[in-house]
Amino acid sequence: MALIALREVEVTASVFQALGDCSYVLDSNFCFLACDEAASAYFGQPINILLGRSIWEVFPTTAAAPFGPLLRQAMTDRRPVRAEMAGTIRPERWLEYIIFPTADGLGVGVAFRDRTMVHRATETLQASEVRLRDLLATLDLGNSMARDLDGTIRYWSGGCALLYGWTAEEALGRSAHQLLGTQFPVPVDEVLAALGHTGEWSGDLSQVARDGRRLIVAARKVLRRDAEGRPVPVLEALTDVTAQREAEAALAESEARLALATAAAEIGIWDWTLSADRLICTLHVPAICGLDPAAEVTLALAWRLVRPCDRRRMIQALREARDPERRARLDLACRIRRPDGTVRQVVIQGEPVFAERAAGTAAVRLVGTLRDVTERWQMQEERLSNETRLRLALGAGRMAVSDADLLQGRVTGSAELARLLSFPDDALPDLDTIRARFAPGERARLRVAWAAALANGEQFLEAEFRYLRPDGEMRWLMLRTEFIVDAMKRPTRVMDVVLDITERRRTEEALRESESRLRLAVAAAGLVSWEIDIDTGIVRRSASVRQTSLTFEEIPLSDILGRIHPEDRAGVDGWLAGIAEGRFEEFAVEYRLRTAGDEDWHWAETHGAVADRDRVTGRPVRIAGITRDITERKQAEERQALLAREVDHRAKNALAVVQAALRLTPKEDSDAYTRAVEGRVAALARARTLLARGRWSGAELRTLLEGELAPFLAEGAGAPRARLTGPPVLLWPAAARRFPWHSMSWRPTR
């Protein structure tokens, strides 16, 4: 018999060697019966060490999912199983398994081959395809086109369609220069020569959109060549810099005006570096102070020029300007005494510059101006106006800028303002007409915000409001306003920056709705979503396993692990450690745990995966997943198994009782024998029916007797022939099945 089994093993091993590079055979106890040299080499264990030992003992990690359940499934179902997964003994390898039951119930054979290179190549290919699709989609979003050397358009991106107004179907095949009315900053021949010599050219182009708008486009042209060096279509990357160039021109003009005003007003500029205690000044500073232009202006010299009566106020103003909490703007009027004895009234203004230091935020510089306002104070309004326009131009970028005269109701602004407010470019209306398009309620809301800002002495206001276009479309606009007030602190002018934020608001609303639907779906499915910060060990979850609240709570990971059953803790720790160490990307595990305030063990099923990695090292920093309570499923599985065993046991007992009834019933009289057997079987059936009604917890003695003695308990013309009295008695299932009820009822009748 042993020889036959050995031959079966040898035949099975030879068959599985044909199915994979490595193979081994396990008996019904999962002990090694056979193992080839290739499998032994993969395991790193000699064959004589493996034979006769359980695979769970030699390699404990094989018992875990998914390999362990597959092996048990093949052993139980006696059907072959094929799967690909990470190696349980060498997780860094990707293996293909074929598990096949051996003949005569000896066990299972396992054949496997290393598919790591194929798996990695497949993953790399899939990742490359995803990146390529993303790249093409991103390219289409940008402003780019490809054309032949003669200018014929061969590729027209979605970004170009939005920028110029022509669709791809309308632009392809047409001359780019004629379609867009391109004006080059240099002759076209120079552009072509640069492309032929260096392969690329960059510069600003003046072009016309479909609706007639004049655009300034920063273009970068690149000439590609084929393998033989012949030129192929020119790729052009285009950026609309119209607003930027207009802002730059306005800024340059403003700076030129500022420089002229500064020179005309004889304003001195100074820069005080606090760490070096060094003062740098323009030539106007010594001129205002009556010093030799060639002399160095030091802090000590400047301090001596200030009149003693003004020094205390200057010290206080400088202290407030350097305070990181206050960061006060320096605006101080004082008197100085020149070396020749003359006294001048000057205004010192400046801004502190702060930086982060080891000890915290600290002022590093003070930059400001010195003006002799004795004769030049009227230049202040012009300088402040220039500074305001400069600040708005720098901060606005491509935003629309407006200047509204509140007393006259007139509005002036950049070219983008009319397009943003859906008015013709050459017909910007008055202030009331613009306000009439505010969505209902928005005008009153802005008026309240405006009044509150002025009441608090604020000079700036930022607000978001809804605006109705003539076609009925609702748009969200952001308004940044600076008030210009008169001597009575009443606003006379406002300088605004307007930005269309409709898409941002829509995105925010869609995100909020998506998050709400996700939370509702997770709660409805009885799932718990969670995230683990690996560095801090903090778990952020939607609710505990036994709750359905949508609120989130943060608890230490150690608190959750401490509630896990000791027998399951090692498995959960192993999965979490594997994820943190980067050995695998995702995991699924079942375990028992106690919830807060509950002493019972509950089963939970958790699925998790790496959600975020460190951008520098690539190590996992955040794990995300879901958990669900599977206690009822586990209990149902246990009840089903118990029920199957109980049914089998009770069927055997019933047959044994019937067999005993047949054996013990007297056989001299065939009719009596038949009645006795039928009666005993009927009594047994009645007893089992009562037990079934009581879910096999027992049967009432009185109920059993009433069923057997019913003819003798019936109320008739005379008194009943039998009476039942006594306290309630519950019989165990075994006693109810074996008690000779039928004999008690029919023997007295004989």
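Quick caveat: nothing in here was measured; it's all calculated off a predicted structure. (Residues numbered from 1 in each chain as written. Predicted model: local features only at pLDDT ≥ 70, side-chain atom pairs only at ≥ 80, totals over all residues. Heavy atoms only, no water.)

**Student:** Before we move on, can you summarise the overall build of the chain with the specific residues and values?
**Tutor:** On a plain count of helices and strands, the chain comes out with 28 helices and 28 strands. Taken over 750 residues, the chain has a buried fraction of 36%. Nonlocal contacts in the chain, meaning residues at least 24 apart in sequence, comprise 44% of its contacts between residues at least 6 apart. Total accessible area on the chain stands at roughly 43,900 Å², and carbon and sulfur atoms take up 55% of it. (Helix = DSSP H or I, 4+ residues; strand = E, 2+ residues; numbered from the N terminus. Buried < 20%, exposed > 50% of the residue type's maximum accessible area, 1.4 Å probe, protein only. Contact = heavy atoms within 4.5 Å. Areas by Shrake-Rupley, 256 points an atom, 1.4 Å probe, with all protein chains shown as cover.)

**Student:** Describe unusual backbone geometry, listing the residues and the values that go with them.
**Tutor:** Ala 65 connects to Pro 66 through a cis peptide bond whose omega is 5°. One can find Pro 66 in the loop between α4 (55–58) and α5 (67–77). Residues other than glycine seldom take positive phi values, yet Phe 30 does so here, at roughly 65°. Topologically, Phe 30 is positioned in the loop between β1 (22–27) and β2 (32–35). Assessed through its relative accessible area of 12%, Phe 30 is described here as buried. A positive phi angle, near 55°, is found at Asp 277, a position not held by glycine. Of note, Asp 277 is situated in the loop between β11 (268–273) and β12 (278–281).

**Student:** How would you sum up the nonpolar core? Please name residues and give values.
**Tutor:** By size, the foremost hydrophobic cluster in this structure holds 29 residues, and its most contacted members are Tyr 24, Phe 43, Ile 55, Leu 71, Ile 99 and Phe 112. Per-element tally for this core: the top contributor is α5, with five residues. Beyond its immediate stretch of four places on either side in the chain, Tyr 24 contacts Phe 32, Ala 34, Cys 35, Ala 39, Phe 43, Ile 55, Phe 67, Val 108, Gly 109, Val 110 and Phe 112. In terms of nonpolar packing, the next biggest core, distinct from the first, is built from 26 residues, Cys 289, Leu 291, Leu 318 and Cys 334 among them. (Core = buried A, V, L, I, M, F, W, Y, C linked by side-chain atoms within 4.5 Å.)

**Student:** Tell me what's going on with the pattern of salt bridges, and back it up with residues and numbers.
**Tutor:** Considering all chains together, one arrives at 51 salt bridges under this definition. The residue Arg 466 makes a salt bridge to Glu 442 at a minimum N-O spacing of 3.5 Å. In this pair, Arg 466 is assigned in strand β18 (residues 460–468) and Glu 442 in helix α19 (residues 442–455), connecting sequence segments 24 residues apart. A residue is classified by how much of its surface remains accessible, and Arg 466, at 26% relative accessible area, is partly exposed. Classification of Glu 442 as buried rests on a relative accessible area of 4%. (Salt bridge = Lys/Arg side-chain N within 4 Å of Asp/Glu carboxyl O.)

**Student:** Pulling in residues and values, what's your account of the sheet that holds strand β16 (residues 400–405)?
**Tutor:** Pairing between sheet strands relies on hydrogen bonds along the backbone, with the strands arranged either parallel or antiparallel. On the basis of which strands lie adjacent, the open sheet formed by five strands has the order β17-β16-β20-β19-β18 and antiparallel pairing. Looking at which strands have only one partner, the edges of the open sheet turn out to be β17 (410–413) and β18. Going across the sheet, the axis of each strand differs from the next one's by a mean of 25°, ignoring polarity. Where β16 meets strand β20 (residues 491–500), six bridges bridge the pair, whose relative direction is antiparallel. Within β20, the position partnered with Ala 404 by the bridge is Val 494. Each of β18, β19 (474–485) and β20 touches α19; the most contacted strand, β18, lies at about 175° to it. (Pairing = 2+ DSSP bridges. Axes fitted to C-alpha atoms, helices over the stretch in contact; angles between N-to-C directions.)

**Student:** With reference to specific residues and values, describe the sheet that holds β1.
**Tutor:** Spatially, β2-β1-β5-β4-β3 is the arrangement adopted by the five strands of the open sheet, whose pairing is antiparallel. In this open sheet, the two strands that pair with only one neighbour each are β2 and β3 (81–86). On average, each strand axis in the sheet is tilted by 20° relative to the strand beside it, whichever way the strands run. The pairing of β1 with strand β5 (residues 107–114) spans six bridges and is antiparallel. Bridged to Ser 23 within β5 is Ala 111. Of the strands in this sheet, β1, β3, β4 (94–101) and β5 are in contact with α5, which crosses β4 at around 20°.

**Student:** Any chance you could break down the environment of Tyr 591 for me, citing the residues and the numbers?
**Tutor:** Secondary-structure assignment places Tyr 591 in strand β24 (residues 586–593). Sequence separation of Tyr 591 and Ala 604 is 13 residues, and the distance between their C-alpha atoms is 5.5 Å. If we skip the residues at most four places from it in the chain, Tyr 591 touches Ile 564, Asp 568, Val 572, His 602, Trp 603, Ala 604, Thr 606 and Thr 627. Within the structure, Tyr 591 has its side chain in polar contact with the side chain of Thr 606 (distance 2.7 Å). (Polar contact = N/O pair within 3.5 Å; in protein donor to acceptor, adjacent residues only side chain to side chain.)

**Student:** Would you mind going over the packing of aromatic side chains in detail, with residue names and values included?
**Tutor:** All chains considered together, the criterion is met by 17 aromatic pairs. Pairing Phe 438 with Tyr 467 gives two aromatic rings, centres 6.4 Å apart and planes at 70°, and the pair type is edge-to-face. Highlighted residues: Phe 438 in the loop between α18 (431–435) and α19 and Tyr 467 in strand β18, separated in sequence by 29 residues. As far as the burial class goes, Phe 438 and Tyr 467 line up, both buried. When the ring centre of Phe 354 is taken as origin, the NZ or CZ atom of Arg 327, which lies over that ring, is 4.2 Å away. Positioned above the aromatic ring of Trp 603 is the side chain of Lys 634, whose terminal nitrogen or guanidinium carbon lies 4.5 Å from the ring centre. (Phe/Tyr/Trp six-rings, centres within 6.5 Å; stacked < 30°, edge-to-face > 60°. Lys NZ or Arg CZ within 6 Å of the ring centre and 35° of its normal.)

**Student:** So what's going on with the pairing of strand β6 (residues 144–147)? Residues and values would help.
**Tutor:** Residues Ser 144 and Ala 146 of β6 are buried on one face, and the alternating residues Met 145 and Arg 147, pointing to the opposite face, are buried as well. In this sheet, strand β10 (residues 231–240) lies alongside β6 in antiparallel orientation, the contact comprising four bridges. Note that in β10 the partner of Arg 147 across the bridge is Val 234. Of the strand pairs in this sheet, β6 and strand β7 (residues 153–156) are connected by three bridges, and their pairing is antiparallel. When the bridges of β7 are listed, Met 145 appears paired with Trp 156.

**Student:** Could you give me a rundown of the side chain of Arg 147, with the residues and numbers involved?
**Tutor:** Within the fold, Arg 147 resides in strand β6. When its relative accessible area of 2% is taken as the criterion, Arg 147 is described as buried. At a separation of 2.5 Å, a polar atom in the side chain of Arg 147 contacts the side chain of Glu 236. The residues touching Arg 147, leaving out its near neighbours within four places in the chain, are Thr 152, Ile 153, Arg 154, Ala 176, His 177, Leu 195, Lys 221, Pro 233, Val 234 and Glu 236.

**Student:** An account of α19 is requested, with residue identities and associated values reported.
**Tutor:** Taking 1.5 Å of rise per residue, 14 residues should cover 20 Å, and α19 covers 20 Å from first to last C-alpha, within 8% of that figure. Among all positions in α19, only Glu 442, Leu 446 and Ala 453 are buried. Looking down the long axis of α19, one finds its buried residues gathered within 30° of arc, a one-sided arrangement. Of the exposed residues in α19, the ones pointing more than 90 degrees away from its buried face are Val 448 and Ala 455. A positive backbone phi angle near 75° is found at Gly 457, which sits one or two residues after α19. (Expected span 1.5 Å × (residues − 1). Arc of directions from axis to C-beta.)

**Student:** So what's going on with the confidence of the model for the chain? Which residues, and what values?
**Tutor:** Averaged over the chain, the pLDDT score is 78; the fraction of residues at 70 or greater is 77%. Here helix α1 (residues 2–19) stands out as the element of the chain with the lowest mean pLDDT, 44, in contrast to β2, whose mean of 91 is the highest. Scored below 50 in pLDDT, residues 1–13 makes twelve contacts in the model with residues more than four places away or belonging to other chains. Scored below 50 in pLDDT, residues 544–551 makes 19 contacts in the model with residues more than four places away or belonging to other chains. (pLDDT = per-residue confidence, 0-100.)

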